[in-house]
Amino acid sequence: MSTSHDDKKPVADGADEAADTVVGTAEPTTTTTDGDATTVEDASEIFVRGTPVPPSSALGGVFSAESFGVVGLLLLSPVIVNSRLFELFGWFVLTDAGLDDPGQLSLLGSEVMVAGGLSALAILSGAVSLFRSGAHTRAAARWASAATVLVGALFVLVSVATYASLRALG
């Protein structure tokens, strides 16, 4: 019989005394590949202390879900800030406005195509972020990616309708 402090911990019924699992301890333990028991702290204790939780993703950093979510938001932000797409949509789709100068048609068409292309890239980046997300992904990243996909889809639909009505004028 050993006199170590581990002998006083209760073990599971039918478990060998040399087993690595311990029942009823205050702190959960895990066993590494070399047989050493390491202490795993509760996530709430880590949060209260301000210690960052280590990433559990094998492909963190540039290829993480958070990165793709931020890229999607950055791609969509010029389209959101520039409200010209909705102005052109209201001008050409909802009304029967015409163009005085035929050269404006190509300029407005390229503006609508750039807005639609950026929106499509934002949708792609947001979708990749949602597919890469898991239990380790922050909730804010999942929310941002979902919002990017939904708002980007709206902008793509508006772009397609506006471009089709511009082509009908020409």
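Owing to the predicted nature of the structure, the values given are computational and were not obtained by experimental measurement.

Caption draft 1: Inspection of the confidence of the model for the chain at higher detail. Averaged over all residues, the pLDDT of the chain is 78; the fraction at 70 or higher stands at 66%. Across residues 18–26 the pLDDT falls below 50, and counting only partners more than four positions away or on other chains, this stretch makes 6 contacts in the model.

Caption draft 2: Focus on helix H2 (residues 65–81). The end-to-end C-alpha separation of H2 is 24 Å, in line with the 24 Å expected for 17 residues at 1.5 Å each. Bending of H2 peaks at approximately 25° at the position of Leu 75, with proline Pro 78 no more than four residues after it. Close packing links the buried residues of H2 with helix H3 (84–92), helix H4 (103–132) and helix H5 (139–169).

Caption draft 3: Fine view of H3. Listed as buried for H3 are Leu 85, Leu 88 and Phe 92. Down the axis, H3 shows its buried residues gathered within 65° of arc, on one side only. Residues of H3 that are buried in the fold lie against H2, H4 and H5.

Caption draft 4: Representation of the side chain of Ser 125 within the structure. Its place among the elements puts Ser 125 in helix H4. With near-sequence residues (within four places) excluded, Ser 125 lies in contact with Phe 68, Val 71 and Gly 72.

Caption draft 5: Fine view of the environment of Arg 167. Within the fold, Arg 167 resides in helix H5. In this structure Arg 167 comes out as partly exposed when scored by relative accessible area, which is 42%. Once the C-alpha coordinates of Arg 167 and Gly 109 are considered, the two residues, 58 residues apart in sequence, prove to be 8.0 Å apart.

Criteria and cut-off values
- What you see as residue numbers is a count from 1 along each chain, following the sequence as written.
- Given that the model is predicted, a residue must reach a pLDDT of at least 70 before its local features are reported, and side-chain atom pairs must reach 80 or more before they are shown or counted; all residues, however, enter totals for whole chains, interfaces and linings.
- As a rule here, side-chain values come from all non-hydrogen atoms in the structure, and water together with hydrogens is ignored.
- Per residue, pLDDT measures the predictor's confidence, with a range of 0 to 100.
- Contacts are assigned to residue pairs with any non-hydrogen atoms lying within 4.5 Å of each other.
- The secondary structure listing takes helices from DSSP runs of H or I that are at least 4 residues long and strands from runs of E that are at least 2 residues long, numbered from the N terminus.
- For a helix, the expected span equals 1.5 Å multiplied by the number of residues minus one.
- One fitted axis covers the seven residues ending at a residue, a second covers the seven starting there, and the bend at that residue is the angle between these axes.
- The buried label applies to any residue whose accessible area, calculated with a 1.4 Å probe on protein chains only, is under 20% of its type's maximum; exposed applies above 50%, and partly exposed to all values in between.
- Directions drawn from the helix axis to the C-beta atoms are what define this arc.

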